[in-house]
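Structural overview for review
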Amino acid sequence: MNSPRDLRRRIKSVTGTAQITRAMQMVAASKMRKAQQAAVAAAPFARLLYRIQRQATTRALDFTHPLLEVREVRRRAVILIAGDKGLCGPLNSNVFRLASQFDSQSTVFITAGRKAAQFVARTRRHLAAEFAYADAPTYAEARAIAGCARDLFLKGDVDQVQIITTRFVNTLTQQPVVIEYLPVGAISGVTVPGAESEEALAADTEETLLEPSAGAVLKYLVGQYLNIYIFYVLLNAKASEQSARMVSMKNATDSADTLIDELKLEYNKLRQGNITKELLEIAGGQAG
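The notes below deal with the structure included here.

Definitions and cut-offs
- Residues numbered from 1 in each chain as written.
- Predicted model: local features only at pLDDT ≥ 70, side-chain atom pairs only at ≥ 80, totals over all residues.
- Heavy atoms only, no water.
- Salt bridge = Lys/Arg side-chain N within 4 Å of Asp/Glu carboxyl O.
- Buried < 20%, exposed > 50% of the residue type's maximum accessible area, 1.4 Å probe, protein only.
- Pairing = 2+ DSSP bridges.
- Helix = DSSP H or I, 4+ residues; strand = E, 2+ residues; numbered from the N terminus.
- Axes fitted to C-alpha atoms, helices over the stretch in contact; angles between N-to-C directions.
- Contact = heavy atoms within 4.5 Å.
- Patch = residues over 30% accessible without salt bridge, like charges linked within 9 Å, V, L, I, M, F, W, Y side chains within 5 Å.
- Areas by Shrake-Rupley, 256 points an atom, 1.4 Å probe, with all protein chains shown as cover.
- Core = buried A, V, L, I, M, F, W, Y, C linked by side-chain atoms within 4.5 Å.
- Phe/Tyr/Trp six-rings, centres within 6.5 Å; stacked < 30°, edge-to-face > 60°.
- Lys NZ or Arg CZ within 6 Å of the ring centre and 35° of its normal.

Counted under the stated rule, the structure contains nine salt bridges. The residue Arg74 makes a salt bridge to Glu72 at a minimum N-O spacing of 3.3 Å. As far as the burial class goes, Arg74 and Glu72 line up, both exposed. A network of salt bridges, in which partner residues are shared, links Lys31, Asp135, Lys238, Glu241 and Arg245.

Okay, the sheet that holds strand β4 (residues 160–170) next. Strand-to-strand pairing in sheets goes through backbone hydrogen bonds, with the strands running parallel or antiparallel. Reading across the sheet, the five strands line up as β3-β2-β1-β4-β5 and stay open at both edges, with mixed pairing between neighbours. In this open sheet, the two edge strands, each paired with only one partner strand, are β3 (126–131) and β5 (173–182). Strand-to-strand twist in this sheet, taken as the mean axis angle between neighbours without regard to direction, amounts to 25°. By the bridge criterion, five bridges tie strand β2 (residues 107–112) to β3 in an arrangement that is parallel. Each bridged residue has a counterpart across the sheet, and for Thr111 the counterpart in β3 is Glu130.

As for its position among the elements, Val27 is in helix α1 (residues 4–59). Judged by its relative accessible area of 45%, Val27 is partly exposed. Placed 215 residues apart in sequence, Val27 and Gln242 show a C-alpha to C-alpha distance of 9.3 Å.

With respect to the element layout, Gln162 can be found in strand β4. Using a relative accessible area of 6% as the deciding quantity, one classes Gln162 as buried. Leaving out residues up to four positions away in the same chain, Gln162 has contacts with Arg76, Ala77, Val78, Ile79, Phe102, Val178, Ile179, Glu180 and Tyr181.

Nonpolar side chains collect at one region of the surface, where Ile275, Leu279 and Ile282 lie side by side and expose about 280 Å² of accessible area between them. Of note, Leu279 is situated in helix α6 (residues 214–287). Overall, Leu279 belongs to the exposed group, its relative accessible area being 54%.

Relative to the assigned elements, Leu182 resides in strand β5. Since its relative accessible area comes to 1%, Leu182 is described here as buried. Discounting chain neighbours no more than four positions away, the residues touching Leu182 are Leu67, Ala149, Arg150, Phe153, Gln160, Val161 and Leu226.

Attention shifts here to the nonpolar core. In this structure, Ile79, Ile81, Val161, Tyr181 and Ile230 are the most contacted members of the largest nonpolar core, which totals 47 residues. Of all elements in the fold, only α1, β1 (76–81), β2, α4 (139–154), β4, β5 and α6 reach the threshold of two or more residues within this core. In terms of residue count, the dominant contributor to this core is α6 (14 residues). Each residue touching Ile79, except ones within four places of it in the same chain, is listed here: Ile110, Ile145, Ala149, Val161, Gln162, Ile163, Ile164, Tyr181 and Ile230.

Under the criterion given, the structure shown has four aromatic pairs. A ring pair is formed by Tyr139 and Phe231, whose centres lie 6.3 Å apart and whose planes are at 85°; its orientation type is edge-to-face. Here Phe231 lies in helix α6 and Tyr139 lies in helix α4, a separation of 92 residues in the sequence. A relative accessible area of 22% means that Phe231 is categorised as partly exposed. When the centroid spacing of 6.3 Å and the interplanar angle of 45° are considered together, the rings of Tyr229 and Tyr232 count as tilted. Placement of both Tyr229 and Tyr232 in helix α6 is noted, with a separation of three residues, approximately one turn of the helix. A connected cluster of aromatic rings, assembled from ring pairs, spans Tyr225, Tyr229 and Tyr232. Over the ring of Phe153 we find Arg71, and its NZ or CZ is 4.2 Å from the ring centre.

Here's what the structure looks like:
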């Protein structure tokens, strides 16, 4: 049985832990709101850009571009996006579980986030490039990642580029996904909120005028589309990370509060028992 002193020490220790997790919860909640707002604000633009890209691609039948070339996949690159820190529940481990399914001999990794680079190093996989991105991802950060992937594809070092990241659904739900990135084509593995499905776009018979031509629009659009889409993915990943961390810290705080209540109850019972024992000893001594 624990002594009153041991219980007091443990209550003090758990109380300190609860204060830390509560502070981290508040910080994560503040960052989460900003990250979610950024991801939601970028969704309409990503949706429109994707629609233009698909319409131009399907109408420019005679258009060719190296980034649209479909090749036999002998070697692929994976853009692995994770957080810089832990304490966000199973978010990072879920992403790494998907990454571990790729053949290490035929896959090179481009990482975004410190945890992603650590995973690649720990599992002895081939790291082609390592990037960092801030709590508020910038377009410049996305452009650097997209440029690296684009160069590997154009040089023929890889035949396909995919993205492994986390899709933000809501504060409580984040889904690890694998997204097709290069060659440029239909998005699979992730849904652009509000964007039409491939079936709907294919069935759309409405005439669309692209000036000066679908090919000219697509030639300009391809590079911009790849940069902006990575930017949108980074915003989703950061919103997912901050949401998962806020929920994780809230659960930790709630667990600490519950443990404190249990320890206090045990301490009070033990203290009451000791007082009762002392009173009985005093009463027994007086009676004798």
